[in-house]
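For reference, the chains in residue letters:
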Amino acid sequence: PSLRLPWLTVATWCLLCCPGLGAVTLPPVLEQELQAVTAQVVVRSSPCSATCGLGLRTEELCLLGGGGAHESCEERKAECLVSWDCGLSTFTVTAGDAQELDCLGEVMETMGRFRFVFSWRYARGVVTTDDSFFRRYAVPPLDRLVLDPVREADAGTYRCDVKDSRYRMLKRVFFGVKVLPAKVVHLQYTGALSQWDALKDNQTGDGFNSTSIATSDSLAFSQVEKIILYSLCISSGMAATMFLLLCFVFQGVGYSRDGLRTAHLCYNHP
């Protein structure tokens, strides 16, 4: 009985690896043992749920009997890894707002965030994937990095590496953060479109609505009034300043060296 297992292994190897031997006749006892051998094989597998980083796939496992029939099939979830490089994602935020960088993702978060090891690196002021620009970022090794509030000095590229307990690379993702100064640039493209659509809705027939025309004319006239008023105020202030300066200058002149009395514009001296 102790020799049956080696003979069974040799016979199976000959059948699988040496098809040129032709028909091989096995002893009846060995043939019965081969018929009794079963193995669990994957007969169907779904695509990986993540294109980068650790994902999940559904596999169907069946018992393969000696006659080649599939028996006792069951489905299970298995981990899969297509690629650990997730590339670069860019964000444009305004200084003073909050920005959250999620390194793990929904798929890997369902597996349990505490089974992974995280590390963050930072390349200040540039959007790049070149490793030579990155330096270790002194933050807690967590799956999320929150910039609240975002400063202009926070602009740059953040790199997150995810590894398992054996320090095997599972995911690497880059976050390019562009920071706009507050109250300097306002990109209200959708708001401009809505205003343009509202202006088009006010059109009646071949021309614009009289109400919209009157409103635009009144707004333009009020702006002209403000400009004229500001100009008059500035001119009056400059004239008063020049007059006072001339008064002080001529008051300090006094009499000249030859005894002639100079004219005073502002005050009369006896």
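For the structure itself, consult the block above.
About the criteria used
- Residues numbered from 1 in each chain as written.
- Predicted model: local features only at pLDDT ≥ 70, side-chain atom pairs only at ≥ 80, totals over all residues.
- Heavy atoms only, no water.
- Phe/Tyr/Trp six-rings, centres within 6.5 Å; stacked < 30°, edge-to-face > 60°.
- Helix = DSSP H or I, 4+ residues; strand = E, 2+ residues; numbered from the N terminus.
- Lys NZ or Arg CZ within 6 Å of the ring centre and 35° of its normal.
- Core = buried A, V, L, I, M, F, W, Y, C linked by side-chain atoms within 4.5 Å.
- Buried < 20%, exposed > 50% of the residue type's maximum accessible area, 1.4 Å probe, protein only.
- Contact = heavy atoms within 4.5 Å.
- Salt bridge = Lys/Arg side-chain N within 4 Å of Asp/Glu carboxyl O.

*Asks:* Any chance you could explain the packing of aromatic side chains here in plain terms?
*Replies:* Aromatic rings considered in pairs are described by the distance between their centres and by the relative angle of their planes. Inspection of the entire model under this criterion finds six aromatic pairs. Taking 5.6 Å as the distance between ring centres and 50 degrees as the angle between the ring planes, the aromatic pair formed by F134 and F174 counts as tilted. Linking F134 in the loop between β6 (117-124) and β7 (135-136) with F174 in strand β10 (residues 169-180), this pair joins segments that are 40 residues apart in sequence. Both rings, one in Y137 and one in Y158, keep their centres 5.5 Å apart while their planes meet at 75 degrees; by these two values the pair is edge-to-face. Residue Y137 is located in the loop between β7 and β8 (144-147), and its partner Y158 is located in strand β9 (residues 156-163); the two are separated by 21 residues in the primary sequence. Aromatic ring contacts, followed pair by pair, group F91, W120 and F175 into a single cluster. The aromatic ring of F134 is capped on one face by R159, whose charged end is 5.5 Å from the ring centroid.

*Asks:* Help me out: how do you make sense of the nonpolar core in this one?
*Replies:* Soluble globular proteins tend to pack their nonpolar side chains together in the buried interior. In this structure, F116, W120, Y158 and V162 are the most contacted members of the largest nonpolar core, which totals 24 residues. Considering each element in turn, this core owes the most residues, five residues, to β10. With sequence-adjacent residues up to four places away left out, Y158 is seen in contact with L101, W120, R121, Y122, F134, Y137, L145, L147, V173, F174, F175 and V177.

*Asks:* Please clarify how the pattern of salt bridges should be interpreted in this entry.
*Replies:* Pairs may arise between side chains of opposite charge once their charged atoms sit close together. One pass over the full model with this rule turns up 13 salt bridges. R115 is paired through a salt bridge with E79; the nearest N and O atoms lie 2.8 Å apart. With R115 in the loop between α3 (106-110) and β6 and E79 in strand β3 (residues 70-81), this residue pair connects regions lying 36 residues apart in the sequence. Judged by its relative accessible area of 42%, E79 is partly exposed. Look at the salt bridges and you will find they share partners, linking E100, D102, D143 and R144 into a network.

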